[in-house]
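# Residue-level structural notes
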Amino acid sequence: MPIVVGGTIAIDNVKTPFADETELLGGSAAYAALAASFYHSPVHLVGIVGKDFPPQHLAMLESRGISLENVERSEGDSFTWSGEYFNNMNERTTHRVGLNVLENWSVKVNGAAARSAFVVLANMSPDNQLQMLEQCSAADRFVIADTMDLWIEIANERLHEVLKKIDLFVINDSEAREFASTPNLLQAGRTLLAKGPRHVVIKLGEFGAMLFSAGEKPEFFRSHAYPLEEVVDPTGAGDSFLGALAGYLAAKGTTRPDFQALRNAVVHGSVLASFTCEAFSTRKLESLDDAGLEERMNHFRELTAW
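Described below are features of the structure shown in this document. The shown structure was predicted, so the numbers you read here are calculated from the model rather than taken from an experiment.

Across the sheet, nine strands lie side by side as β5-β4-β1-β8-β9-β10-β11-β12-β13; this open sheet has mixed pairing. Both edges of this open sheet fall to β5 (66-73) and β13 (219-223), since each of them pairs with a single strand only. Adjacent strand axes in the sheet meet at a mean angle of 15°, parallel and antiparallel pairs treated alike. Looking at chain direction, strand β11 (residues 199-203) and strand β12 (residues 209-213) are connected through five bridges and run antiparallel. Bridging across to β12, Ile202 finds its partner in Met210. Along the sheet, helix α10 (residues 259-276) makes contact with β9 (142-146), β11, β12 and β13, crossing β13 at roughly 20°.

What follows is the structure in structure tokens.
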């Protein structure tokens, strides 16, 4: 069951209280595709890069078995993001966003990617998410979508259209409160389910995640996050969570996962995302192997068993 992941592929420039790094690999789809590759292959990446995009980033993704056949190359400049984190590493300021090649981008999905059974609509505009979904032709598929506060504010109607066409919606806690118009996350989860998806995950950052599923007997699960003694750069952790969750579900070989599989996917997403926070950009994921991931999973089981 191949996975197709669409979204942004970026050049990031990140400043923290301890370091300042430039020309980093960033973007929602890049992180999500890399995370998914730990669990399943093939992973097809859909996005666009400019003439200035560092070739070593694309080479790294290919080395992980990620297909770049649907990554469009443009003569324009790549999408860039520059931001700064402060002492608690939860608050950040965006200093500059260069839309560049994204400004007039129309998603194009071809070949095997279009026939993927698992479709991941990583964070991008709802218009781009709908474009991608229209080109994915598998009759039996599982669709996961992420979003952000910008789209809730400026593309709310189109975002509601996305929600009617997907199986699993992933959103962070502050955005869930805004989108559902309630400060209570339990109420927010149920409100978001009523908008169309069969399942909703609310990301809680360093505090884990919440899973909601609809049905005759609605189900709920709350997962902790793996505790870290040091956070170097949290950029992309939410996208890594999304990709790992999708990769785990695809590896199960069914587009109708049961609630236990969804619970396990949330845990795997949380644990893999913890590695992302331990180094700038994707560097920790690049050096991570299956043994290291399994060791942390086992440790997490010990920490959360009672």
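The next point concerns helix α1 (residues 28-36). Note that an α-helix has 3.6 residues per turn; residues three or four places apart therefore point the same way. Burial analysis of α1 places nine of its nine residues in the buried class, the great majority of the element. Buried residues of α1: Ser28, Ala29, Ala30, Tyr31, Ala32, Ala33, Leu34, Ala35 and Ala36, and no others.

For the rest of this paragraph, the subject is the packing of helix α9 (residues 237-251) against α10. Here α9 crosses α10 at 140°, and the two axes come no closer than 7 Å. By the angle between their directions, the pair α9 and α10 is classed as oblique. For the element pair α9 and α10, the recorded crossing hand is right-handed. Contact with α9, carried on its side by Ala237, Ser240, Phe241, Ala244, Leu245, Tyr248 and Leu249, involves Ala261, Leu262, Asn264, Ala265, Val266, His268, Gly269, Ser270, Leu272, Ala273 and Thr276 of α10 and no other residues of that element.

Core analysis: the largest hydrophobic core is formed by 60 residues, its most contacted members being Leu45, Ile144, Val201, Leu245 and Leu249. The element best represented in this core is α10, accounting for 10 residues. Setting aside residues no more than four positions away along its own chain, Leu45 makes contact with Val5, Ile9, Ala29, Ala30, Ala33, Leu61, Ile66, Ser67, Leu68, Asn70 and Val71. Residues Val119, Leu121, Ala180 and Val200 belong to the second largest nonpolar core, which totals 40 residues.

Turning to the sheet that holds strand β3 (residues 20-26), a few remarks are in order. What holds strands together in a sheet is hydrogen bonding between their backbones, with the strands either parallel or antiparallel. Pairing is mixed across the open sheet formed by four strands, whose spatial order is β3-β2-β6-β7. Edge positions in the sheet fall to β3 and β7 (92-98), since each of these pairs with one other strand and no more. The sheet shows a mean angle of 20° between the axes of neighbouring strands, direction not considered. When strand β6 (residues 80-85) meets β7, the two strands line up antiparallel, connected through six bridges. Paired with Tyr85 across the strands is Arg92, a residue of β7.

Right, let's talk about helix α2 (residues 55-63) for a bit. Along α2, the residues that are buried comprise His57, Leu58, Met60 and Leu61. Summarising the axial view, the buried residues of α2 lie within an arc of 155°, below the 170-degree limit, and thus occupy one face. Exposed residues on α2 whose side chains face more than 90 degrees from its buried face are Pro55 and Ser63. Buried residues in α2 make contact with β3, α1, β4 (43-49), β5 and α11 (283-287). Of the residues flanking the end of α2, it is Gly65, one or two places downstream, whose phi is positive at about 80°.

Inspection of every chain in the model, using the stated rule, returns five aromatic pairs. Arranged with centres 5.1 Å apart and planes meeting at 55°, the rings of Phe212 and Phe220 form a pair that is tilted. For Phe212, a relative accessible area of 3% translates into the label buried. Look at Tyr226 and Phe300: their rings are 6.4 Å apart centre to centre, the planes differ by 50°, and that puts the pair in the tilted class. Placement of the pair is Tyr226 in the loop between β13 and α9 and Phe300 in helix α12 (residues 290-304), with a sequence separation of 74 residues.

On to the packing of α10 against α12. Axis separation between α10 and α12 bottoms out at 10 Å; the angle between their running directions is 120°. As judged from the angle between their axes, α10 and α12 are oblique. For the pair α10 and α12, the crossing hand works out as right-handed. On α12, the residues that touch Val267, His268, Val271, Leu272, Ser274 and Phe275 of α10 are Gly292, Leu293, Arg296, Met297 and Phe300.

Per the counting criterion, the structure on display carries 10 salt bridges. A salt bridge links Glu21 to Arg283; the nearest nitrogen and oxygen atoms lie 3.3 Å apart. Taken together, the residues Glu21 in strand β3 and Arg283 in helix α11 connect sequence positions 262 residues apart. We classify Glu21 as partly exposed; its relative accessible area is 23%. Overall, Arg283 belongs to the partly exposed group, its relative accessible area being 38%. One salt-bridge network, held together by shared partners, links Asp127, Arg158 and Glu161.

What counts and what doesn't
- Residues numbered from 1 in each chain as written.
- Predicted model: local features only at pLDDT ≥ 70, side-chain atom pairs only at ≥ 80, totals over all residues.
- Heavy atoms only, no water.
- Pairing = 2+ DSSP bridges.
- Helix = DSSP H or I, 4+ residues; strand = E, 2+ residues; numbered from the N terminus.
- Axes fitted to C-alpha atoms, helices over the stretch in contact; angles between N-to-C directions.
- Contact = heavy atoms within 4.5 Å.
- Buried < 20%, exposed > 50% of the residue type's maximum accessible area, 1.4 Å probe, protein only.
- Parallel < 35°, antiparallel > 145°, perpendicular 65-115°, else oblique.
- Left-handed = near helix turned anticlockwise from the far one by under 90°.
- Core = buried A, V, L, I, M, F, W, Y, C linked by side-chain atoms within 4.5 Å.
- Arc of directions from axis to C-beta.
- Phe/Tyr/Trp six-rings, centres within 6.5 Å; stacked < 30°, edge-to-face > 60°.
- Salt bridge = Lys/Arg side-chain N within 4 Å of Asp/Glu carboxyl O.

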